[in-house]
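So you can see what is in the structure, the chains are spelled out below.
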Amino acid sequence: MKKGMAALLVLLLSFSGWAAAEDAILTFTQPANVEICMPMDLRYFPAPDGLQPMYTVMGNANSSSSVYLFIMPNGRVLLSVSSTLTGENGSAQTLLDAWPQIAASLASETGGIEVDAPLITAENCYGFDGVRIRTPMTLGGDAPLTLSALGEAFYRENALMELWTVQPDSSLYSEDSQEARELTEDLEVLAQLKDSFSWRGEEAEAAFTEGQDPASAFFQMLP
């Protein structure tokens with residue numbers, strides 16, 4: 001693939017298995033050198049020095065959800081996108097009320113992760129009423145690792161959509177270090193990726209078709 005092709009690559013995520021394009025839940029444009037995988041396959045991607053605990057945590061997925069991971073080019077920022085069928089149409093208030101259970105579940109699934117001073121607020125998330133959760137997290141062990149996490153959640157009909165961005169806390173790196181530069185680069189690519197997100201519907205269909213050259217763009221279905 002030519003280098004310029006990656007920026008034109010459009011993928012469609014279907015959270016219920018193989019599906020036709022019109023059944024896709026999320027469309028987006030994939031920036032160059034961004035990798036996509038399922039949590040179980042994250043082990044095949046080498047973590048930057050010192051960030052293996054972050055990869056281990058993000059490689060654990062709730063078995064009741066469909067989850068995909070995005071790995072930024074330098075591997076210092078990971079993004080998960082998941083969908084969980086709930087059988088009900090919830091709201092931002094539903095998520096605010098459920099935060100104690102969400103925090104407990106997060107701690108359980110990540111093996112006792114320490115979540116410090118979380119801030120959860122009701123906000124507009126990609127055109128939906130949802131919540132954003134901003135929190136530092138500390139992974140224990142012989143060399144504790146401090147992470148910054150941003151969670152975004154909203155209900156889309158009877159499905160709960162969740163996005164979690166996890167990165168090493170910027171205080172871990174000196175300002176002029178290579179690690180700090182790579183983290184900054186990954187955050188810039190993350191912003192580009194998330195700006196392209198469009199959820200299923202007329203808006204998503206327009207995002208998929210407008211400005212795409214059929215001779216150089218294609219889509220790939222992810223199971």
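Residues numbered from 1 in each chain as written. Predicted model: local features only at pLDDT ≥ 70, side-chain atom pairs only at ≥ 80, totals over all residues. Heavy atoms only, no water.

Any chance you could explain the nonpolar core here in plain terms?
Considering soluble globular proteins, one finds that nonpolar side chains tend to be buried as a cluster. Core analysis: the largest hydrophobic core is formed by 41 residues, its most contacted members being Phe-70 and Phe-197. Sorting the residues of this core by element identifies β2 (26–29), α1 (52–58), β4 (66–71), β5 (78–85), β8 (128–139), β9 (145–156), β10 (159–168) and α4 (178–195) as the ones contributing at least two each. Sequence-distant contacts of Phe-197, that is, excluding residues within four places in its chain, are made with Leu-26, Thr-27, Phe-28, Phe-70, Leu-79, Val-81, Tyr-126 and Leu-163. In terms of nonpolar packing, the next biggest core, distinct from the first, is built from six residues, Leu-95, Ala-153, Tyr-155 and Leu-160 among them. (Core = buried A, V, L, I, M, F, W, Y, C linked by side-chain atoms within 4.5 Å. Buried < 20%, exposed > 50% of the residue type's maximum accessible area, 1.4 Å probe, protein only. Helix = DSSP H or I, 4+ residues; strand = E, 2+ residues; numbered from the N terminus. Contact = heavy atoms within 4.5 Å.)

Would you explain the packing of aromatic side chains in this entry?
Aromatic ring pairs are described here by two measures, namely the spacing of the ring centres and the angle between the planes. Summed over all chains, the structure comprises nine aromatic pairs. Centre to centre, the rings of Phe-28 and Phe-70 are 5.2 Å apart; their planes meet at 75°, and the pair counts as edge-to-face. Residue Phe-28 is located in strand β2, and its partner Phe-70 is located in strand β4; the two are separated by 42 residues in the primary sequence. Classification of Phe-28 by relative accessible area gives buried; the value is 2%. Look at Phe-70 and you get buried, because its relative accessible area is 0%. Ring geometry for Phe-128 and Phe-154: centres 4.7 Å apart, planes at 10°, overall stacked. With a gap of 26 residues between them, Phe-128 in strand β8 and Phe-154 in strand β9 connect regions that are remote in the sequence. Pairwise contacts between aromatic rings join Phe-28, Phe-70, Tyr-126, Phe-128, Phe-154, Phe-197 and Trp-199 into one cluster. (Phe/Tyr/Trp six-rings, centres within 6.5 Å; stacked < 30°, edge-to-face > 60°.)

Even after reading the chapter, I still don't get the pairing of strand β7 (residues 119–125), so can you show me in this structure?
Both β7 and β8 contribute to a ladder of seven bridges, which runs antiparallel. Residue pairing in the sheet places Leu-119 in a bridge with Arg-134 of β8. What sits between β7 and β8 in their antiparallel hairpin is a turn of two residues, with Tyr-126 showing a positive phi close to 55°. (Pairing = 2+ DSSP bridges.)

Can you walk me through the confidence of the model for the protein in this structure?
Low pLDDT means the predicted atomic positions in that stretch should not be read closely. Per-chain confidence: the protein averages 76 in pLDDT, with 68% of residues scoring 70 or above. By mean pLDDT, strand β12 (residues 219–222) is the weakest element of the protein at 37, and α4 is the strongest at 96. In the predicted structure, residues 1–12 sits below a pLDDT of 50 and forms 39 contacts with residues beyond four places in sequence or in another chain. (pLDDT = per-residue confidence, 0-100.)

What is the right way to look at the pattern of salt bridges in this model?
Side-chain pairs of opposite charge can arise whenever the charged atoms involved come near each other. According to the stated counting rule, one finds five salt bridges in the structure shown. A salt bridge links Glu-152 to Arg-132, with the shortest nitrogen-to-oxygen separation between them at 2.9 Å. Note that Glu-152 is positioned in strand β9 and Arg-132 in strand β8, a separation of 20 residues in sequence. Overall, Arg-132 belongs to the buried group, its relative accessible area being 15%. Among the ionic pairs, Glu-152 bridges to Lys-194, the shortest N-O distance being 2.8 Å. (Salt bridge = Lys/Arg side-chain N within 4 Å of Asp/Glu carboxyl O.)

Help me understand α4, please; the structure alone is not making it clear to me.
Because the α-helix completes a turn every 3.6 residues, residues three or four places apart line up on one side. Its 18 residues place the ends of α4 26 Å apart at the C-alpha level, agreeing with the 26 Å of an ideal helix rising 1.5 Å per residue. Here α4 has its buried residues at Ala-180, Glu-182, Leu-183, Asp-186, Val-189, Leu-190, Leu-193 and Lys-194. If you follow the buried residues of α4, they end up packed against β2, β4, β5, β9 and β10. (Expected span 1.5 Å × (residues − 1).)

Where do I start with the environment of Met-38 in this structure?
Relative to the helices and strands, Met-38 resides in the loop between β3 (35–37) and α1. Classification of Met-38 as partly exposed rests on a relative accessible area of 26%. Along the primary structure Met-38 and Leu-69 are separated by 31 residues, whereas in three dimensions their C-alpha atoms are 5.8 Å apart.

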